[in-house]
Amino acid sequence: MTAISKQVVQDAVDEYIAGLQPSLRELNLKIHQNPELAYKEYKAHDAICEFLESQGIPITRHAYGLKTAFEALVGDPAGRCVNFNAEYDALPGIGHACGHNLIATASVTAFMALAFAIRKFNLPGQAQLLGTPAEEDGGGKIDLIRAGAYEKAHVSLMMHPFSDDELNDHNILGIAGQPSISCYDITAVYHGVSAHAAASPWEGINALDAVVAAYNNISMLRQQLRPDERVHGAILQAPSITNAIPELTRTKYTIRSRTMERARLLGARVRQCLEAGALATGCKIELQEDQIYGDLVVNEPLCKGFAECMADQGVQILATHDSLLSGSTDQGNVSQIMPALHAVIGIPVSNGAKNHTREFTAATAGDEAHRRTILSGKAMAMAGWRLLIDEEFFQDVKGAFTVPKGASC
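Residues numbered from 1 in each chain as written. Predicted model: local features only at pLDDT ≥ 70, side-chain atom pairs only at ≥ 80, totals over all residues. Heavy atoms only, no water.

### Re the sheet that holds strand 5 (residues 155-157)
Operational definition: When DSSP finds at least two bridges between two strands, those strands are taken to pair. The way it works is that DSSP assigns letters per residue, a run of H or I at least four long becomes a helix, a run of E at least two long becomes a strand, and they are numbered from the N terminus. The axes used here are C-alpha line fits, helices contributing only the stretch in contact, and every angle between their N-to-C directions lies in the interval 0 to 180 degrees. Contacts between residues were defined by any pair of non-hydrogen atoms, one from each residue, lying within 4.5 Å.
Ordered by their spatial adjacency, 5 strands build an open sheet running 1-2-4-3-5, and the pairing between neighbours is mixed. Pairing within the sheet leaves two strands with one partner each, and these edge strands are strand 1 (59-61) and strand 5. In this sheet, neighbouring strand axes are inclined to one another by 20 degrees on average, regardless of whether the strands run parallel or antiparallel. Sheet topology note: the strand 1/strand 2 (residues 70-75) ladder contains 3 bridges and is antiparallel. Paired with I59 across the two strands is A72, which belongs to strand 2. Here helix 2 (residues 42-54) sits on the sheet and contacts strand 1, strand 2 and strand 4 (126-131); the angle it forms with strand 1, its principal contact strand, is near 160 degrees.

Here is the structure:
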């Protein structure tokens, strides 16, 4: 196969994506204006699938046993496969306050651009686009890992928007690689016995006391947490009357720590605090532990390659940074099984508000946020192109990947 210069591919991708620009903008806004919660992203699922099908891309809807997941594949399965992940779930009450409409748009852009390049230049390998539901709550990528969705892929790429105010100190618009912490949720349901609160309170078993005792236990535990650990929770169900001993309460806690192994250890301590509330009050307890989000593993050669592709788009970002992302993502689980990118890209937000705010929700619909998203998508496509055709680069990326201690989905 005759070697094709990077500039030729870049120029072709730029022209192709420019032609798709109105449709990509429409898709972005359609997802933003119809926020849907985890595992219920039916409109987003359908909108992306319809867009891809309109461009002649074959789609598997409701893929891998998930109603709101999908898969698109283009290229030769005998070669390497570059995966792109599209997130599109929103947050309760405040919509796309984490910018998943932009994440979806960036990954769709990247996939379309690389698929176009594969076909136009007869490149070896495949591009894969996965629709990954439930990043905010549930862990759709963990479900997809277990279902075998990533078995074709050799490398996984995605971006995530942040307020560009968070990047001003570095005079940049993003960071290609930054580690994150691991997290998971524990829900406790306390079953007591109802009784008249005035006439015969001694006949009751107080589920409200159990949840309050657990809250106090966990509050005392926080004094012994490491600086990079967090435990935060909410009472999901509480009594609404005062003249009956409460018979049912429900509480949920999120446990965060630097690694999956440490998150499990901290979770065991939180579980003891919850169980102690039941023991002290005589309540019965039901515990549910959700899937654990893995910590992001930074792949330096991959991050450097993406940063170079962003520079080609006129955007300066750092390749890596040692500071921890305070949040967690199920892309961390993907990074535990293959080289993976989770680039942070800044967008303008009024008052410098951060993710999970109403101001950030408004910003993710903005024209400049969309423009930077498209640039990020094209850069991911060019990084994917290099992974398919540059053996030395791919081997560097592959060689830098190590499976972390304690990693497990």
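### Side note on the domain arrangement of the protein
Interface size, as often reported, equals the accessible area lost upon joining of the parts. For the record, the criterion: For the domains described, the bounds stem from an automatic or database domain assignment. Accessible surface is computed with a 1.4 Å probe, and the buried area is the amount of it that two parts give up when combined, taken over both parts together. Here, a salt bridge means any side-chain nitrogen of Lys or Arg that lies within 4 Å of a carboxyl oxygen of Asp or Glu. Distance and chemistry together define a polar contact, namely a pair of N or O atoms within 3.5 Å, with one atom able to donate a hydrogen and the other to accept it when in protein, and with adjacent residues in sequence counting only for side-chain atoms on both sides. When residue character is reported, Ala, Val, Leu, Ile, Met, Phe, Trp, Tyr, Cys and Pro are called nonpolar, Asp, Glu, Lys and Arg charged, and the others, Gly included, polar.
We note that the domain assignment places domain 1 (6-180 + 294-400) and domain 2 (182-289) within the protein. Every contact between the two is made by 11 residues of domain 1 and, on the other side, 9 residues of domain 2. Counting each side, the surface lost to burial between domain 1 and domain 2 is near 670 Å², with a carbon and sulfur contribution of 48%. When the buried area of domain 1 at its contact with domain 2 is split by residue, D295, L324 and S328 rank highest and sum to 54% of it. Inspection of the domain 1/domain 2 interface yields 2 salt bridges. With its nearest N and O atoms 3.8 Å apart, the salt bridge here joins D295 to R258. Applying the counting criterion to the domain 1 and domain 2 interface returns 3 residue pairs in polar contact (both at pLDDT 80 or more). For the side of domain 1 that touches domain 2, the class distribution of residues is 2 nonpolar, 7 polar and 2 charged.

### Things to note about the nonpolar core
Convention followed: Note on terminology: a nonpolar core comprises buried Ala, Val, Leu, Ile, Met, Phe, Trp, Tyr and Cys residues joined through side-chain atoms within 4.5 Å. Type-normalised accessible area, obtained with a 1.4 Å probe on protein chains alone, sets the label of each residue: buried when under 20%, exposed when over 50%, and partly exposed for intermediate values.
One finds L52, F84, F111 and F306 to be the most contacted residues of the largest nonpolar core, which totals 68 residues. With 13 residues, helix 3 (residues 100-121) is the largest single contributor of residues to this core. Beyond its immediate sequence surroundings of up to four residues, F111 is in contact with L52, I57, A72, L73, V74, F84, A127, Q128 and L129. Counting 23 residues, the second largest nonpolar core, distinct from the first, contains A188, A207, M260 and L274.

### Quick word on the pairing of strand 8 (residues 182-191)
The element strand 8 is extensively covered by neighbouring structure, given that 9 of its 10 residues are classed as buried. Here strand 8 runs beside strand 10 (residues 248-257); their pairing, made up of 10 bridges, is antiparallel. Counted as the bridge partner of V189 is R250 from strand 10. Note that strand 8 and strand 11 (residues 284-289) share 6 bridges and pair antiparallel. Bridging across to strand 11, I186 finds its partner in E289.

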